[in-house]
Amino acid sequence: MRSSYYYNLNFLLANRHWYIIKRHFTLKKIINIIKCISHFKMKHATVSSFPVYIKIETTDCCNLKCKNCHDGTVPRNNAFLDFNIYTNLIDHLSEYLLEVSLFDQGEPLLDPLIVDYVKYASSKNIGTVISTNFSIKLSNDKLVQLINSGLDYLQIAIDGVTQETYEKYRVGGKLDLVFSNLNRIISLKKQLKSKTPIIEWQMIDFEFNRSEQEQAKILAKKFKVDRFRLKPDCYSTYPMMSYLRKKRCFLLWFSFAVECDGLVSACLTKDDESLYVGDLNTDPIKEIWNSKKYQKLRDSHNHDMDERINPYYCKNCNRYDNNSQACHS
């Protein structure tokens, strides 16, 4: 069952991104995509194309203490991204970007400007997605603002249908509050006759919640969510030890991530010193995109990934290998 579910996950991820980006195509963006593909295929370290997808961490603050996240294992700044850095970034890349994910390690709905983030990207014809634990007190007015912001996709993380199971991972979360918010946003969306955001119930596959997964799918239908997705546990499903990457990572030619302090990482999933390629507090994004650090990182994927000659974290990452499952974004 697990393997078939994860096979379908790859389709669901592609389908989700396709739903978002198909509404934001332009001729210039299509030409840029072709350039990205060409540079990747030709193994160019310096590129004339620009990213089509970025992940932006507006804040790393969170109200929960989930395992492998805000449980103290990952350093936090408890900070918020400078909104001017964001608007400047969007202004420089709006002609090329198809999608912006406005979340990473933090809870995006704790950011008082999150609706403004979505609105600004939407005004530039860029698709947007937010992932939230939804275990936050939210007024109807806030939910209406979110619906009317232009948000394309809303992922809601619900890893159980009982409080006992749910809080094993979402430490500090209140399932009744999540369900209340979910019920209200679906009702308000219907009242507003809005097609967006698409609402997804995302459930991470843990051994402890497998007895509730079928019940969760049934409950998702009762709530009338648009999609239910079972997601593999990235931390325990894929052992990282004694692994060496066998395939080049295409993301280095298509995307990057921005942390709440303005640092730019070439990787969407990992924080590692070898993956930082610039700082938006001091450097323009178009300079960072072809910086020496970025060129060296791309070039490292064009050669042997053996750890003796390749210092980058990527050599131990299997998340984008053809033999692994998709866990990102």
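Residues numbered from 1 in each chain as written. Predicted model: local features only at pLDDT ≥ 70, side-chain atom pairs only at ≥ 80, totals over all residues. Heavy atoms only, no water.

## Some remarks on unusual backbone geometry
A negative phi angle characterises most non-glycine residues, just as the trans form characterises most peptide bonds. The omega torsion across Thr 196 and Pro 197 is 0°, close enough to zero to call that bond cis. If you trace the backbone, Pro 197 turns up in the loop between helix 7 (175–191) and strand 5 (198–205). Although it is not a glycine, Phe 134 sits at a positive phi angle of roughly 60°. With respect to the helices and strands, the residue Phe 134 is situated in the loop between strand 3 (127–132) and helix 5 (140–148). By relative accessible area, Phe 134 is classed as buried at 0%. We note that Lys 224 has phi near 65°; this positive angle belongs to a residue other than glycine. (Helix = DSSP H or I, 4+ residues; strand = E, 2+ residues; numbered from the N terminus. Buried < 20%, exposed > 50% of the residue type's maximum accessible area, 1.4 Å probe, protein only.)

## Description of helix 3 (residues 83–93)
Within the sequence span of helix 3, burial applies to Ile 85, Tyr 86, Thr 87, Leu 89, Ile 90 and Leu 93. Looking at the packing, one finds that the buried side of helix 3 touches strand 1 (53–56), strand 2 (99–101), helix 4 (114–123), strand 7 (255–258) and helix 10 (285–288). Regarding helix 3, its N-cap is Asp 82, as a side-chain oxygen of that residue lies 2.8 Å from the backbone nitrogen of Asn 84 further along. (Contact = heavy atoms within 4.5 Å. Polar contact = N/O pair within 3.5 Å; in protein donor to acceptor, adjacent residues only side chain to side chain.)

## A short note on the environment of Leu 177
Structurally, Leu 177 can be placed in helix 7. Among residues more than four places away in sequence, those in contact with Leu 177 are Phe 134, Ser 135, Ile 136 and Lys 137.

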